[in-house]
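Topology and contacts: notes
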Amino acid sequence: MSASTTHGHATHGGHDAAHGHHELPFWRKYIFSVDHKVIGVQYGVTALVFLFFGFTLMMLLRWQLAYPGQPLPVVGKLLGENAMPGGVMAPEFYNQLGAMHGTIMVFMGIVPLAVGAFGNYVVPLQIGAPDMAFPRLNMVSYWAFLPGGLLMLAGFFAPGGAANSGWTSYPPLSDIATTGQTIWLLAMVLLITSSLLGSINFIVTIVQLRAKGLTFWRLPFFVHAQFVTSFLLLLAFPPLEAAAVMQLMDRLAATSFFLPSGLVISGEPLRVAGGGSPLLWQHLFWFLAHPEVYVLILPAMGIIAEVIANNTRKPLWGYRLLVYSAIFLGFMSFVVWAHHMFMTGMGTTMSTFFQTTTMIISIPSVVILTCFIMSLYGGAIRYTVPMLFATAFLPMFAIGGLTGLPLGLTASDIYLHDTFYVIGHFHYVVAPGTIFALFAGIYYWYPKVTGKQMNQTLGKIHFWLSFICINGVFMPMFWQGMAGLSRRLYDPTIYAHGRAVQSLNVLISWSVWGLAIAQLPFIWNFFASLRHPKAVENPWQATTLEWAAPSPPPHGNFVTPPVVYRDPYEYSEPGRSSDFHPQFAREA
Amino acid sequence: MAETADHSSPEAFKKHLGQYYVVFVALLCLTAVTVGVSYLHLQRPIAIAVALVIATVKAALVAGVFMHLISEKKVIYAVLILTAAFFLLVLLLPSLTIFEGVAV
Amino acid sequence: MSAHPADAAIPHTVEPHPVTGLPNGKFGIWLFLASEVMLFGALFSSYVLIRTQAPHWPPEGGLSSEILNVPLATLNTAVLITSSITMVLAWASCKLGRIDRFRLWMGSTIALSFVFLIIKYFEYTDKFHHEHFPKTNNFYAIYFTLTGLHGLHVIGGIVVNTFLLTIGTRLWKIDRDHFTNRVENAGLYWHFVDLVWIFLFPSLYLL
């Protein structure tokens, strides 16, 4: 019985679910809902829309890279004379596309989907809780996220267009950039607030609201991953918020936090007090942005863990090792940030320090990947659609991780920094890495959220087309980077070394457009499957707690509070007729 | 009735109140001390050290007594120790990094 | 007249968790304060960096204590310290079941917060009157930004405390312990605001 029911008249106990209490009006049930499942779906749909929008920006940008200076047929005229004069992309617009693509994908796409959607929806269910610890705070989190995202997009309509100083917003350029940068900063404040409030909710929920019998070491790895992620968000985001405040001061109150003395722009000395430091921004930005990339990967690893255990029909190999590695990874992520700044003139002591910590942080990543690969060994593997994405994740993440090594080592980073090699590296981790994991998660938990199954054939088409195209996009970038091609170049053909790899740009761009088409079966499937007949309960025959609730779960989640009797991945127990033994099943 | 862990009876609790007043007076005194010391115009490094020590003592009083941190649960300590570690990191490492190399 | 339907089924809203010993709200507010430590930590870090790399500090000569109004800020420090004790007494009143005393002490806390802001207002306008703005140099930039953000946190505290003093008191009639916990959590936030000032005051004004 819920602990708060000792005060007589206050409550209906924990039975709201069964008794369908006072019906809430539409706006409280679906708009300003405090139910984590509704909020999870809100986050999910919003994030997917933003994700596809961010992808569209890249589809545009890739035209310029493949065919520099050429007018874009049809679409070029639609975007107006400012952005695409005569259908040819303006350099200023190119910069906006680049900066906004990164910003939108990271802060409005992946994190809200991985944490806001999957985390919100699944974590309370997997720990047997009726909701998050602070349902109203959860609602506020979403309603800080959505306006933040919309404000960010509104930047495109500002004079001079959207933010155009890279997603990294380095000063002095960002300090003096067009209005869109101010909008970027204000939107970031909203987005950061949303994340902070969410992280508090996750930590308290995971610690305080676990079902009876659900000890720390019986939690699904997905929950461990979200737990560590929340600490990263909680402690790493505030420095960026501080930096954003200071950049707003620089831009709106003419301070010089990031402006050094003696800055001259186009022959005109900048009339500010000076005495500031552009490197200060870089430190504060990367203090967040490095842990941020682990925010991008950890929930994905959590999803992969669930899908692999379920589709190999055996417990995860090295479960405790996975948990310790995730915690160590989270901690280390705070001490590596200046490996993004090796080229800023730092001395050998500090660069050695950061290089060393960066090498050390690769260890838990490798351990986690190894545990996943070992989990496949001896498994009765079912190549369901989630499993296809999860299996692909493994080599894709490996490529992403391995290509990080020459970047984390200062000697090789001298050459590779700010080239396309970097873009190839981090996209391998986030795109065929995290995004594939998120697709796995969508296919895996769709029956839980909707009670229906997605079409598996369309899912397989989606997978194979995406897998081929995504490698076509990012693999050539390593060659371009090693050839010395810089990132963020409007026209790569102005350089001989750029011209040498220009044919790869054409290949990449066509792969991007192919990748876009590959998403069509998914989008169709996502909506059309809502009209399928109701699926069986627990269609994946999974062991974790979320499958104890009806699909979709009612308000309050569980008809009776679940009790946990065993570890999370009791598959193929010797001597049992059934090949899975749910955590919540009382019978031995 | 719900129990919040410390302070079981009203009498024991009222004794606690005495502590608050003592800390209050101590904080005001320490404030006076820190302002007074500033008039001594000590050398910069010593002045910084003294000011930070006094501030830390005041902070410890506020945190330990007013915020009940002195009798708080382990979970809270764990969170705060982790935070303190990262706080020191963000406070010191940027300056260290810039000054160790070429100053900008 | 129940609490919000969302509260009804969440365990440990008031009763502490058997293992951690904490109710949810207290845990949550400490986590929030941890993030605030990082926020102000980053700003202090910026102060350290900018100041140590500056050829002179303050950039235009003199001493911080000559440029900024130390007596007024000392008074403000005393005001904030006093508001901290009135805040803890407000919570103690709830623990002792004295809602009337709670109103007295919480009202005093809010009043003292306003005094703090009013003194700050005079400090700021005096600076502006002498043509000293954030853009004048980085000394003023840091001063205005750090104390400004702190001031915003004071305003936030006033909003929360006023809510507890007025509308929030309805919860006292339904669930005294729940209300007392809320006051305690608001107090934790408020003491933190005092804590930040305890470091801000010497760092900016005296050193």
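Residues numbered from 1 in each chain as written. Chains lettered and ligands numbered in written order. Predicted model: local features only at pLDDT ≥ 70, side-chain atom pairs only at ≥ 80, totals over all residues.

A word on the overall build of chain C
Assigned secondary structure in chain C consists of eight helices and zero strands. Reading the secondary structure of chain C in the N-to-C direction produces α-α-α-α-α-α-α-α. With the C-alpha coordinates aligned to their principal axes, the bounding extent of chain C is approximately 60 × 35 × 25 Å. The buried share of chain C, reckoned over its 207 residues, is 55%. When contacts within chain C are restricted to residue pairs at least 6 apart in sequence, those whose partners lie at least 24 apart make up 74%. (Helix = DSSP H or I, 4+ residues; strand = E, 2+ residues; numbered from the N terminus. Buried ≥ 20, exposed ≤ 12 C-beta atoms within 10 Å, placed from the backbone. Contact = placed C-beta atoms within 7 Å.)

Examining the overall build of chain A
Along the backbone of chain A there are 21 helices and two strands. In terms of overall size, chain A behaves like a compact globule, its C-alpha atoms giving a radius of gyration of 24 Å where 588 residues would be expected to give roughly 25 Å. Considering only C-alpha atoms, chain A reaches an extent of 80 × 55 × 55 Å along its principal axes. Buried residues in chain A amount to 55% of all 588 residues. (Rg over C-alpha atoms; globule rule 2.2 N^0.38 Å.)

Points about the interface of chain A and chain C
Taken together, the contact pairs 47 residues of chain A with 41 residues of chain C. Elements represented by at least two residues in the side of chain A that touches chain C include exactly α7 (135–154), α9 (180–208), α10 (221–252) and α11 (278–312) of chain A. Of all the elements, α10 of chain A adds the most residues to the side of chain A that touches chain C, at ten residues. Partitioning the side of chain A that touches chain C into residue classes produces 29 nonpolar, 14 polar and four charged. (Nonpolar A, V, L, I, M, F, W, Y, C, P; charged D, E, K, R; others polar.)

Digging into the confidence of the model for chain A
Per-residue confidence for chain A averages 94 on the pLDDT scale, and 96% of its residues sit at or above 70. Here residues 1–20 of chain A is a poorly scored stretch, pLDDT under 50, and it has 42 contacts once near neighbours within four places are set aside; other chains count. (pLDDT = per-residue confidence, 0-100.)

Points about helix α6 (residues 91–126) of chain A
All names here are of chain A. Spanning 36 residues, α6 covers 48 Å between terminal C-alpha atoms, matching the ideal 52 Å at 1.5 Å per step. Its axis deflected by about 50° at P112, α6 carries its strongest bend there. In terms of burial, α6 is a largely internal element, 32 of the 36 residues being buried. Two residues or fewer past α6, G128 is found with a positive phi of approximately 75°. (Expected span 1.5 Å × (residues − 1). Bend = angle between axes of the 7 residues up to and from the residue.)

Some thoughts on the nonpolar core
I203, I304, L316, F389 and A440 of chain A are the most contacted members of the largest nonpolar core, which totals 271 residues. If you tally residues by element for this core, the top one is α11 of chain A, at 21 residues. The residues that make up this core include at least three from each of domain 1 (18–71) and domain 2 (73–104) of chain B. Setting aside anything within four residues of it in sequence, one finds I203 of chain A in contact with F227, S230, F231 and L234 of chain A together with L31 of chain C. (Core = buried A, V, L, I, M, F, W, Y, C linked by C-beta atoms within 7 Å. Domains from an automatic or database assignment.)

Describing the packing of α10 of chain A against helix α6 (residues 138–165) of chain C
Their axes nearest at 11 Å, the elements α10 of chain A and α6 of chain C cross at an angle of 130°. Regarding the angle of α10 of chain A to α6 of chain C, the classification is oblique. Crossing handedness for the pair α10 of chain A and α6 of chain C: right-handed. Contacts between α10 of chain A and α6 of chain C pair V245, M246 and M249 of chain A from the former with A141, T145 and L149 of chain C from the latter. When its residues are assigned to classes, the contact of α10 of chain A with α6 of chain C shows five nonpolar, one polar and no charged. (Axes fitted to C-alpha atoms, helices over the stretch in contact; angles between N-to-C directions. Parallel < 35°, antiparallel > 145°, perpendicular 65-115°, else oblique. Left-handed = near helix turned anticlockwise from the far one by under 90°.)

Some points on the interface of chain A and chain B
On the chain B side, the residues contacting the 17 residues of chain A number twelve residues. Counting residues per element, the ones that place at least two in the side of chain A that touches chain B are α10, α11 and α13 (348–376) of chain A. Counting residues per element, the side of chain A that touches chain B draws most heavily on α11 of chain A, which supplies five residues. Within the side of chain A that touches chain B, the residues separate by chemical class into twelve nonpolar, five polar and no charged.

Regarding the environment of F93 of chain A
Examined against the element boundaries, F93 of chain A turns out to sit in helix α6. Non-local contacts of F93 of chain A, meaning those with residues more than four positions away in its chain, are made with A83, M84 and G161 of chain A.

A few points about the packing of α6 of chain C against helix α8 (residues 176–206) of chain C
All names here are of chain C. Packing of α6 against α8 brings their axes to within 10 Å, and their N-to-C directions diverge by 160°. Here α6 is positioned roughly antiparallel relative to α8, judged by the angle of their axes. Considering how the two elements wind past one another, α6 and α8 form a crossing that is left-handed. Residues Y143, L146, T147, H150, H153, V154, G157, V160, N161 and L164 of α6 pack against R182, V183, A186, Y189, W190, V193, V196, W197, L200 and L204 of α8. In the contact of α6 with α8, the residues fall into 14 nonpolar, five polar and one charged.

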